Every structure is written in C-alpha cells, then in structure tokens.
Amino acid sequence: MSKRQSSKYFNAITAMAVAASAVVVVAPTVSEASSFSDVKPTHQFYDAIKSLSERGIINGFQDGTFKPGQNLTRGQAAKIIAGVLQLDTKNVTNPKFKDIPISHQYYGAIAALKQAGIIDGYEDGTFRQGANIQRNHVAKIIANALNLNAENVDALPFTDVRIDYKEAIVALFENNVTTGKTATLFNGSSNVTRGQMAAFITRAEAVRNQTPQPAQSVTFKVENYEASGIVINGSTYSFHSSISSIFTETNKTALTGATITATVENGVLTKINNVKLNKSGTAESRVVLDSTASIDSLTINADYVAVRNVSVTGNATITSAVLTEVEFEGAKITGDLIVDDQVAGSIASMNNKFAADGKSGTKVKLENSRAGKVYVKRNDVSIVSDTVIHEITITAKVTLINLDGTVTKATVESSAKLDIKGNATIGQLLLTTAVELALKVKGIVNTLSVNNPNTQITVGAGLKINELSIPAGSTAEKIIINYAEIASQIVTVIIGNVPSTSKPNPGTPSTGGGSGTPTPPVIDNKLNVRTITELNQALKTAKHGDTIKLMTSLTGDINLTSLVNLDFNGHTLTGNVTITEAKATGSYSLTPTGTGTIAGDLVINAPNVNINIDGLTVEGETVIY
C-alpha cells in the first residue's frame, strides 16, 4: 500500500463527488440505513453503501430510498469526506466562502476540510456546494484525503487523462480504487453518482487500513486472465500497473501455457521474476509477447516466438525446444542471452540440413535489441543482429556457428573442429584453446588473438584480418594452414611481446622475395602485455600516442603518467587505475577497440585531457579531479 501526506494542492475545481444527495443531519439507525428500498443485496454497491450508512456517514431520503444513480454535489462530497476522516466539524475556522454561511447544513464539513488543506474554493470567493463533481475531482480529493500515492505515474493505460489529475488517478488505479470507463479511457469529465462515491470511499479506506503483508513468491501456469486480474490456486490477484502491460489481450496467445514466477504483495502481482514461454507459433504466424514491462528473467521454450519491447533485467535463455527461429525486437537484456546446450531429439535432422545447405538450424534474430553477453552453447546456431553485440562466447561443444552483424569481442572456447560462417565485423576474435578453426566469415576481424601455438586456422577468401596476434616462438605459417594463399588479407602479424623497437605497419602489406607471396610485417610487440610486470614495464617505455594492449586479464594497481592509450581488449584488470596528467592536453582512450573492466577504482587527475572510457566497466568508484 502506498500513501502520502495530505497537502494543499486541491482547489475547488479538484473537489470530488462524494456523499449522498440529501443528507439528513441526524444519523439514521442501523436498521434504517441497511434497508434502502432501491439498494438490494444484489446491487453492485450494496456493501459499500451499507458500510457508510451503518457508520452514519451517509443517509437516505425520506421515502426510504438511497438513489445510488443520482449525481453527487460538492457539498455532499464534503460531508462524506469529513465523516470518513472523523474531522471536528464544530471547532472550525470560518473559510468565509460567500455562498456558505455558518448556518449552512454543510458549513462544518466544508470548513473542516478547508482547514485541513483538503479542499478550497473558487477565485470569486465561492465554494459552489451545489455543483456536481466529476471523476477527475473525486480522484484528487480521495488521493489527498486518504494519503494514496502513485508509484509509477507513467504506467497508466488511459489515453485521456489530464496532466493535472494524472498523479491522483494513477494512485487510485494502482490501489484498485477505480478503473476506467473502458480499457483505455478514464472519462474524467463525467459525473460521479452517490453509489459510485460510496464504492470509491470504501475501497480507498480498505487500502489505507490494510496491514501490509510480506512479499511472497508464487509460481503458476497461465490458463486465462482478465485485465482486472488472474486466478491462481483459487485466489484472485490483481496486476500492479508496472506489469499490467504483460497481461493484455494481445499477449494471451503467447502466455497460454506459460509458466510464471511472480512476487505477490497484499493480493497484487507486483513483479515478474521469470516467464517461461511454452507456446509455439509458425513460420507464417509468430507467437508475440509485446510489453514495455520489466521482468527478471525470460526463458523461451517454444519455436517461432517474437519478444518485443520487453526489458529483461537478468538473463534470457533459449532452450533446445527452439529448433527454427526466435526473434527479439526492441528488447533490452541487461544480463546474458544464452542459447542453451540441451539438444532436442529432432534437432539432429536440422544439423544435417545445416551441413548440407549452409543454413543454420536455429536462428536467433536481434532487431534493435541489446544483450549484455551472448553465450552460444548449442551447435548449429545462427546469430543475426542489426545492433552491435558487445561480447559473444562460443563454448566447447559448438562445431558450427553463423554470425551476421557486428561483434565487439568473440571468444572461442572450443577445442574441437569449429566452422564460423556468416557476414560479420568482429573487433577481437579470441581463441583461448588449441582449436581447429575454419574461419569462413566474410568481413573484417580487427584483431585475431591466438593463445595456443597448436591452434590451426583456415581463413576464407572473403575475410580481412587487420592484426594477427600469435604466441611467442610461433609463426603465421604454423598457425594459418593456408597462409600462402591468404597472406595478403592480413595487415599485421604480432608475435608474443618480446621487446622490439619495430613499429607496426598500418599500411598495405609488403610483398616478399621472389616467391611473389605477399608477406605482412611481423612485429615482436612489447606493448602487448600478458603479465602485470610486462604492463608496468610497457608503461615506462611507451611514448605519447602508443597503445598498450592487454592480451589477458591481469591483477595489480597501475599508475598512468603519460598519454598512452591503454587497450583493455575485452579483459579485466583487477586493481585500481590512476591517471595523473595535470598539465597535459589531448585525447586518451582506455578501450580504443572494444570493451574492458576495471575491478577496482578509476582515479583521473587530468583536467585538460579528453579521456574516452566508452565501453569500459568500472566496478569500483570513478573519481575525477
């Protein structure tokens, strides 16, 4: 339950429709109040009217009726609200409204509410107690009088809400005090009846008086739901406004048979912890989950599913049940996108098809969507993206993968035979094991980093490699099986990090001796470091404008006192990084070719230097002097 302190932001135009049309000064007896001839037990507002009547807050007419369909006035509203709040209506300060003399039947209630800052009059000095009150006015007065607060003012399904009433309407909507006239219209200018007001008041009282219950987790399989709520194990739960866009009519197909784990507070589903989609579509008709809500994690366990506009704060997992295609459109995955390694029985035929025609068995399509990291654990997967994939890891079981798009860093952990196909631009392709790799990608690899000298690579004709980095003691000919054929496609070869004064040649590879085979310049580069000692040594010898590249993750504190570029190259430095160049000017980058992480603090004392840290994650504090 959300509440707020009363405040004086209600003026006359925001007053609300509240009480009975003709209120008798003397409260009726319980028996009289409970037996209005026009309010039978089957009436939709029976319980609300009975509750207020028995407490003497509202009365009926002399003919024994209540007239629940009659419009309320501002004066009647004041009488009801003052009664609900149990305000002192005798010892009051005269508000001096021109049309409310002290002899008026509603004088005490109006004066008490004005004194409490809950209502106000008009600029001409009148209160206009006989004017009807609209839904907008009711929302503002109830929210103010009963201290109901809006948690998410942007999560309102209505398209006709005025900005000056929005917060109050959201407060009532979130707490299930009111609904719209339709799914998308609140109709705030319509009048409120006596029966409706009784319902509004008693619902708001229930919210104010309820005892908060600890949040609980509930797991259920979706069979059906309505906009107002869902029945789970015999109990009805409503939807918090922050997740209501999940449970829409258009999402019913996608959610049919879905397994959902949610957080429940006071009978309201407040948070979605996991959604597991089990309903498959077809190539002609995708099953679509479209929502602007956030969920903790998502599992796609069905084929031909499209996920649109959803924010996943954790991981999104694609199971082996997805044999053909899944797509994300406008989605944001803060955690990892995982293509599961469990293989369904029918996928073997898809694998054979892939090998025969070069098309992937399962396509994962990303349109205007982002993920933290992508892990491919299943064989024969095609990743297609129109936005940059910051990091993708190809695990040990994978022997075939297709990449279409731009990837900042791709790491291969496989030690088996692996084919990588597709059309891609890859910032760094890191081979951590002795893999036998057929690199058939068409495009560009800025840096191909080989950690094991036993790695064997075949490079396709359509790929350009700007930098090939191989272990000390090895040669490009030993690593690249068809080196003689594709040498012209490699701009620079860097061997280990043996100290050398040689500089990389950024231009076109030179042509070797009489063999006619183009030979890229080979550089023993001391600025490619693999230990913290080598990093500190490189920092001492590097010149202004040089780039020091981390070839692996390191541990230790470093202090940069010259304007050299430090390329984290997708790796992590566990320690603190201090940049001290108080008098220097110019530009400086910590991630010129990709991403990186400082598992510590980043301290910058270089006020005249433009330091670029795009793509860098700092897990500690960032301090700038």
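Residues numbered from 1 in each chain as written. Predicted model: local features only at pLDDT ≥ 70, side-chain atom pairs only at ≥ 80, totals over all residues. Heavy atoms only, no water.

## Focus on the confidence of the model for the protein
Mean pLDDT for the protein: 82, with 84% of residues reaching 70 or above. Across residues 1-33, where pLDDT falls below 50, the model places 121 contacts with residues more than four positions away in sequence or in other chains. Confidence over residues 343-359 falls short of pLDDT 50; this stretch has 19 contacts with residues more than four positions distant or in other chains. (pLDDT = per-residue confidence, 0-100. Contact = heavy atoms within 4.5 Å.)

## Some remarks on the packing of helix α5 (residues 135-145) against helix α6 (residues 163-174)
Axis separation between α5 and α6 bottoms out at 8 Å; the angle between their running directions is 65 degrees. As the angle between them shows, α5 and α6 are arranged roughly perpendicular. When the axes of α5 and α6 are compared, the crossing they make is left-handed. Mapping the contact onto sequence places Asn-136, His-137, Ala-139, Lys-140, Ile-142 and Ala-143 in α5 and Asp-164, Tyr-165, Ala-168, Ile-169, Ala-171 and Leu-172 in α6. Taken together, the residues of the contact of α5 with α6 break down into eight nonpolar, two polar and two charged. (Axes fitted to C-alpha atoms, helices over the stretch in contact; angles between N-to-C directions. Helix = DSSP H or I, 4+ residues; strand = E, 2+ residues; numbered from the N terminus. Parallel < 35°, antiparallel > 145°, perpendicular 65-115°, else oblique. Left-handed = near helix turned anticlockwise from the far one by under 90°. Nonpolar A, V, L, I, M, F, W, Y, C, P; charged D, E, K, R; others polar.)

## Thoughts on the pairing of strand β20 (residues 442-450)
Relative to β20, strand β18 (residues 417-431) is paired through eight bridges, and the arrangement is parallel. Bridge pairing in β20 links Ile-426 to Val-445. (Pairing = 2+ DSSP bridges.)

## Quick notes on the environment of Arg-162
Summarising the element assignment, Arg-162 is placed in the loop between α5 and α6. What makes Arg-162 partly exposed here is its relative accessible area of 43%. Note: C-alpha distance between Arg-162 and Asn-136 (26 residues apart in sequence) is 8.6 Å. Side-chain polar atoms of Arg-162 contact the side chain of Asp-164, separated by 2.7 Å. (Buried < 20%, exposed > 50% of the residue type's maximum accessible area, 1.4 Å probe, protein only. Polar contact = N/O pair within 3.5 Å; in protein donor to acceptor, adjacent residues only side chain to side chain.)

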